[in-house]
Each structure stands twice: as C-alpha cells, then as structure tokens.
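Remarks on the overall topology
Residue strings, one per chain:
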Amino acid sequence: MASLKISVGDTLPKGTFGTIPFTEELADHSACGIPTNLSTDSWKGKKVVLFSVPGAFTPTCHINHLPPYLAQHNEFKAKGVDVIAVIAANDPFVLSGWGRVEGLTDKIITLSDPNAAWSGSLGLSVDLSERGFGIRTARYAMIIDDLVVKYIGVEPGPGVTVSGADAVLAKL
C-alpha cells in the first residue's frame, strides 16, 4: 500500500462512484438495475460511514467485514449516521449483486471505485496482482462529517480490526 495521503481533519476529496440504487424490482434478482453516479458532494451536511473492502464476495469481506455493518445498522443510525456506504474496486453490477445477496436493500450503499482510482489517490489502494486481482481498494473505514474526515482506520494486515463495525461505532 502507498503512503497515506489523507488525515483526520482533512476535507474529503471529491469522488464520483458508480452505484445501482436498490429498488424493489431488484429484489427477486430478475433485473440488474441501471448504474448511476454518486458524488461525495451529496454528503455535504451529512454524517457518513464509509468502509472499504478489497472485493465483493471475497472471504474476509463477505463473511467478516460487511455483515457486522448491516447487523448494527440501527446502532449507526442511533449515533446520527445518515449514510453507510461500502466501496470496492468491483463494477457497480457486481456490487449491486453482492448487496442483494447480503440483504443490504437501502441500508448500505455499494460504491464502485474502478481500479481503486479514488482510493489510490488517498494512498488507500493495494496491489493484489500476485493473486490475479490487480489494483484494489485497501481495507479501511472513515467517519466523515460534513465532508471532513473525523476518523480513519486502515488495516495494518489481514483481518478486520480498525475498519470493522465495532471499531467505527466506538469512534462515533
């Protein structure tokens, strides 16, 4: 991973991500949805929890990282969080499918960061080419309040600790 280029107190750099908003027509998996763009500008005046996984449907991300955020959705909301979003280098269709399999509905937004371009600009990408995965988003989490970074936790190695739901809830 490159050196970190964002810190607590920094204004979040603008990013635009592909996403497929959940609608009821997606619930039975017979439709794919239409990708739209979501800009970080839409987070102005909001408290956002953004967490990043290297890939949808990968073991740690699918079993240990995402599910606790969904299970603790109400606790995040009770602490004033307006938006919970997960970001990965996968395309919007894969992320939408993953979100539907996990039952995210409209509780957690899935955001596509192709080639980890935005995350990489923050020093938050990882080269997993030796595994055949290419450049991916690193495993991290941020608390963003009115576009200002209030917390950033970047995993120092394998596993989920500082970027997990419990760690982030404790920082709210």
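Relevant structure appears above.
Residues numbered from 1 in each chain as written. Predicted model: local features only at pLDDT ≥ 70, side-chain atom pairs only at ≥ 80, totals over all residues. Heavy atoms only, no water.

Section: the overall build of the chain
Let me state the cut-off plainly: Runs of H or I in DSSP of at least four residues are treated as helices and runs of E of at least two as strands, each being numbered from the N terminus. As a reference, a globule follows 2.2 Å times the number of residues to the power 0.38, and the radius of gyration itself is taken over C-alpha atoms. Relative accessibility thresholds used throughout: buried, under 20% of the residue-type maximum; exposed, over 50%; partly exposed, between the two (1.4 Å probe, protein chains only). The contact rule is simple, with two residues in contact once any of their heavy atoms fall within 4.5 Å. Shrake-Rupley sampling with a 1.4 Å probe provides the accessible areas, and residues are treated as covered by the protein chains on show and by no other component.
Across its full length, the chain holds five helices and nine strands. Helices (α) and strands (β) of the chain occur, in sequence order from the N terminus, as β-β-β-α-α-β-α-β-α-β-β-β-β-α. Here the C-alpha atoms of the chain give a radius of gyration of 15 Å, agreeing with the 16 Å that 2.2 N^0.38 yields for 172 residues. Dimensions of the chain along its principal axes, counting C-alpha atoms only, are 40 × 40 × 25 Å. Here the chain holds 172 residues, and the buried ones make up 48% of them. Taking the intrachain contacts of the chain between residues at least 6 apart in sequence as the baseline, contacts between residues at least 24 apart amount to 66%. Split by element, the accessible area of the chain, about 7900 Å² in all, is 54% carbon and sulfur.

A closer look at helix 3 (residues 92–102)
Applied cut-off: Whenever a nitrogen or oxygen atom comes within 3.5 Å of another N or O atom, the pair is scored as a polar contact, on the condition that within protein one atom can donate a hydrogen and the other can accept it, and that pairs from neighbouring residues in sequence are kept only if both atoms are in side chains.
By the criterion of burial, helix 3 is predominantly enclosed, with eight of the eleven residues buried. Along helix 3, the residues classified as buried are Pro-92, Leu-95, Ser-96, Gly-97, Trp-98, Gly-99, Arg-100 and Glu-102. As for helix 3, its buried residues are in contact with strand 1 (16–19), helix 1 (59–71), strand 4 (83–88) and strand 5 (109–112). Capping the start of helix 3, Asp-91 holds a side-chain oxygen 2.8 Å from the backbone nitrogen of Phe-93, two or three residues further along. Count one or two residues on from helix 3 and you reach Gly-103, which has phi positive near 80°.

A short note on the packing of helix 1 against helix 3
Inclusion rule: In this analysis, axes come from line fits to C-alpha atoms, helices being fitted only over the stretch in contact, and the angle between any two N-to-C directions falls in the range 0 to 180 degrees. Working definition: roughly parallel below 35 degrees, roughly antiparallel above 145 degrees, roughly perpendicular at 65 to 115 degrees, and oblique for all remaining angles. Helix crossings get a hand from a simple test, with the near helix turned counterclockwise from the far one by less than a right angle marking a left-handed crossing and a clockwise turn marking a right-handed one. Under the scheme applied, nonpolar residues are Ala, Val, Leu, Ile, Met, Phe, Trp, Tyr, Cys and Pro; charged residues are Asp, Glu, Lys and Arg; polar residues are all the others, including Gly.
Where helix 1 contacts helix 3, the axes come no closer than 11 Å and their chain directions differ by 70°. Our classification of the angle between helix 1 and helix 3 gives roughly perpendicular. Remark: the crossing between helix 1 and helix 3 carries right-handed chirality. When helix 1 is examined against helix 3, the residues Cys-61, His-62, Leu-66, Pro-67 and Leu-70 are found in contact with a partner set consisting of Trp-98, Val-101 and Glu-102. Split by residue class, the contact of helix 1 with helix 3 holds six nonpolar, one polar and one charged.

Observations concerning helix 1
Let me state the cut-off plainly: Expected span of a helix: the number of residues minus one, times 1.5 Å. Fitting axes to the seven residues ending at a residue and to the seven starting there, one defines the bend at that residue as the angle between these axes.
Compared with the 18 Å implied by 1.5 Å per residue over 13 residues, the 18 Å span of helix 1 between its first and last C-alpha is a close match. The principal kink in helix 1, of about 25°, is found at His-65, preceding the proline Pro-67 by one to four residues. For helix 1, the full list of buried residues reads Cys-61, His-65, Leu-66 and Tyr-69. Buried-residue contacts for helix 1 involve strand 3 (47–52), helix 2 (73–78), strand 4, helix 3, strand 8 (140–145) and helix 5 (165–171).

A closer look at the pattern of salt bridges
Heads up, the rule is: Each salt bridge in this description consists of a side-chain nitrogen of Lys or Arg and a carboxyl oxygen of Asp or Glu lying within 4 Å of one another.
This structure, assessed with the given rule, holds two salt bridges. Two residues, Asp-41 and Lys-14, come together in a salt bridge whose shortest N-O distance is 3.1 Å. Of this pair, Asp-41 sits in the loop between strand 2 (36–39) and strand 3 while Lys-14 sits in the segment before strand 1, placing them 27 residues apart in sequence. Residue Lys-14 is classed as exposed on the basis of its relative accessible area of 55%. Residue Asp-146 is joined to Lys-44 by a salt bridge in which the shortest nitrogen-to-oxygen separation is 3.4 Å. Separated by 102 residues along the polypeptide, Asp-146 in the loop between strand 8 and strand 9 (148–154) and Lys-44 in the loop between strand 2 and strand 3 bring together distant segments of the chain. On the basis of relative accessible area, Asp-146 is assigned to the partly exposed category, the value being 33%. With a relative accessible area of 55%, Lys-44 lands in the exposed category.

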